[in-house]
Amino acid sequence: MTDLVDRTIAALRANHETLADLVPTLSDDDLAKPSGATEWSVAQALSHLGSGAEIGRKPIAAAAGEPVDAEENQAVWARWNAASPADQAAEFVKHNEAYLDTVEALSPAQREDLRVDLGFLPEPVPLSVALGMRLNEVANHAWDVRVGVDQTATVDAESAELLVELFRGPLGFLLGFSAKANEIDHEVRLAIPGGAVEITDAVAVTESADDPTAVFDAAPEAVVRLLSGRLRPQHAGGVAVTGNVTLDELRKVFPGY
């Protein structure tokens, strides 16, 4: 599990460095462009990532025994929403760096044993779950930001492969909230790079599909965008689905967030 945590932290750092290099190059017009997230501008997507870093750092720091300032999430979001687009972008870099400073400083023992109370789940979760949820957010919203200024952008490849692995394991429960299995009236065993997506009365990512009924022919980054509702027609070039399900049907199963 420590290896999984280490790789997740490295992926979070890689996404941060990409965005930290991009932010200073963004003009006011760039920040106002629509992002890949429905109804958010590029600046608003960065704001969401920044407020998420600020909020998400505290329970990890608290679990590690560090003192943290208490502030209601609504107050944090209100402060970020009130900031100018330029400040939203700059503050994202600052707060995401602080998040990374906290998790990168964790000892091997803490990376193995830490349990994090995120506040919205029934019980504290392993660090791998807290970090995996953050990577799922960061990888997808980093794409939202980047595709807003470059229509050829893709999800970071290493992050995508890791997220497929995480959805096969500790993040699998998230599909119970985000996926809509009842949108398809037949069973699907969809072969994907790195595993399979099985759609029955529920949705699960598995290591492989015995006798697959369909094949998703694309890179792992497209799988991640499918699961998060970001494989819209204008961003699905090169993706092919064959078998007993169509890409349009899969989009209904994974409406996104």
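Everything here concerns the structure above.
Residues numbered from 1 in each chain as written. Predicted model: local features only at pLDDT ≥ 70, side-chain atom pairs only at ≥ 80, totals over all residues. Heavy atoms only, no water.

**Q** Would you mind going over the overall build of the chain with me for this structure?
**A** From N to C terminus, the chain includes eleven helices and seven strands. On C-alpha atoms alone, the chain measures out to a radius of gyration of 18 Å, which is about the 18 Å that the 2.2 N^0.38 rule sets for 257 residues. With respect to the principal axes defined by its C-alpha atoms, the chain has extents near 50 × 45 × 30 Å. With 257 residues in all, the chain has 48% of them scored as buried. Taking as baseline every contact in the chain between residues at least 6 positions apart, the subset at least 24 positions apart corresponds to 66%. In the chain, which carries 19 positive and 41 negative side-chain charges, the distance between the mean positions of the two groups comes to 2 Å. (Helix = DSSP H or I, 4+ residues; strand = E, 2+ residues; numbered from the N terminus. Rg over C-alpha atoms; globule rule 2.2 N^0.38 Å. Buried < 20%, exposed > 50% of the residue type's maximum accessible area, 1.4 Å probe, protein only. Contact = heavy atoms within 4.5 Å. Lys, Arg positive; Asp, Glu negative; His and termini not counted. Charge placed at Lys NZ, Arg CZ, Asp CG, Glu CD.)

**Q** Help me out: how do you make sense of helix α10 (residues 220-227) in this one?
**A** A turn of α-helix holds 3.6 residues, and therefore any two residues three or four places apart point the same way. When you tally the buried positions in α10, you get eight out of eight residues, the bulk of the element. Every buried residue belonging to α10 is among P220, E221, A222, V223, V224, R225, L226 and L227, and all of these are buried. Those residues of α10 hidden inside the fold are in contact with α7 (127-149), α8 (157-168), β3 (188-192), β5 (203-206), β6 (214-217) and α11 (247-253). Downstream of α10 by a residue or two, G229 has a phi angle that is positive, lying close to 75°.

**Q** What is the right way to look at the packing of helix α3 (residues 42-63) against helix α4 (residues 73-82) in this model?
**A** When two helices pack together, their arrangement is given by the angle between the helix axes and by the axis-to-axis distance. Running from amino to carboxyl end, α3 crosses α4 at an angle of 145°, the nearest separation of the two axes being 10 Å. Seen from above, α3 lies across α4 with right-handed handedness. Of the residues in α4, those in contact with S47, G50, S51, E54 and I55 of α3 are N73, V76, W77, R79, W80 and N81. For the contact of α3 with α4, the residue count by class is four nonpolar, five polar and two charged. (Axes fitted to C-alpha atoms, helices over the stretch in contact; angles between N-to-C directions. Left-handed = near helix turned anticlockwise from the far one by under 90°. Nonpolar A, V, L, I, M, F, W, Y, C, P; charged D, E, K, R; others polar.)

**Q** Where do I start with the sheet that holds strand β4 (residues 195-199) in this structure?
**A** Strand pairs in the sheet, formed through backbone hydrogen bonds, run parallel or antiparallel to each other. Judged by pairing direction, the sheet is mixed, and its five strands sit side by side in the order β5-β4-β3-β6-β7 without closing on themselves. Every interior strand has two partners, whereas the edge strands, β5 and β7 (240-243), have only one. Going across the sheet, the axis of each strand differs from the next one's by a mean of 20°, ignoring polarity. Taken together, the four bridges between β6 and β7 define a ladder with antiparallel strand orientation. In the sheet register, D217 faces β7, and the bridge partner there is A240. (Pairing = 2+ DSSP bridges.)

**Q** Sorry if this is basic, but what is going on with the pattern of salt bridges here?
**A** Where charged atoms from two side chains of opposite charge come close, those side chains can pair. Evaluated as defined, the whole model comprises 16 salt bridges. In this structure, R13 engages E104 in a salt bridge whose closest nitrogen and oxygen atoms are separated by 2.9 Å. Residue R13 is found in helix α1 (residues 2-22), and its partner E104 is found in helix α5 (residues 85-104); the two are separated by 91 residues along the sequence. In this structure, R189 engages D211 in a salt bridge whose closest nitrogen and oxygen atoms are separated by 3.8 Å. Of the two residues, R189 is situated in strand β3 and D211 in the loop between β5 and β6; the sequence distance between them amounts to 22 residues. For R189, a relative accessible area of 24% translates into the label partly exposed. Assessed through its relative accessible area of 61%, D211 is described here as exposed. What you see here is one network of salt bridges that share partners, running through R13, E17, E97 and E104. (Salt bridge = Lys/Arg side-chain N within 4 Å of Asp/Glu carboxyl O.)

**Q** Help me understand the environment of L100 in this model?
**A** Counting through the fold element by element, L100 comes out in helix α5. Sequence separation of L100 and V197 is 97 residues, and the distance between their C-alpha atoms is 31 Å.

**Q** Quick question: what am I supposed to make of the nonpolar core here?
**A** Here is a general trend for soluble globular proteins: nonpolar side chains tend to be buried in one another's company. The biggest cluster of nonpolar side chains holds 77 residues, and the ones touching the most others in it are L46, L131, L190, I199, V203, F216 and F254. Among the elements that take part in this core, α7 stands out by supplying twelve residues, more than any other. The residues contacting V203, other than those within four sequence positions of it, are L175, A179, A181, V197, E198, V253 and F254. (Core = buried A, V, L, I, M, F, W, Y, C linked by side-chain atoms within 4.5 Å.)

**Q** Help me out: how do you make sense of the packing of aromatic side chains in this one?
**A** For any pair of aromatic rings, geometry is given as the distance between the ring centres together with the angle between the planes. A full pass over the atoms with the stated rule returns one aromatic pair. Measuring from centroid to centroid gives 6.4 Å for F173 and F177, while their planes differ by 90°, and the two rings are edge-to-face. Residue classification places F177 among the exposed residues on the basis of a relative accessible area of 62%. The ring of Y99 carries R134 above its face, with NZ or CZ at 5.3 Å from the centroid. (Phe/Tyr/Trp six-rings, centres within 6.5 Å; stacked < 30°, edge-to-face > 60°. Lys NZ or Arg CZ within 6 Å of the ring centre and 35° of its normal.)

**Q** Before we go on, may I ask you to explain the side chain of N15 in this structure?
**A** Within the secondary structure, N15 is located in helix α1. On the basis of relative accessible area, N15 is assigned to the buried category, the value being 5%. Among the polar contacts made by the side chain of N15, one reaches the main-chain carbonyl oxygen of A11 at a distance of 2.9 Å. Beyond its immediate chain neighbours, meaning those up to four positions away, N15 contacts L135, V138, A139, A142, D156 and S159. (Polar contact = N/O pair within 3.5 Å; in protein donor to acceptor, adjacent residues only side chain to side chain.)

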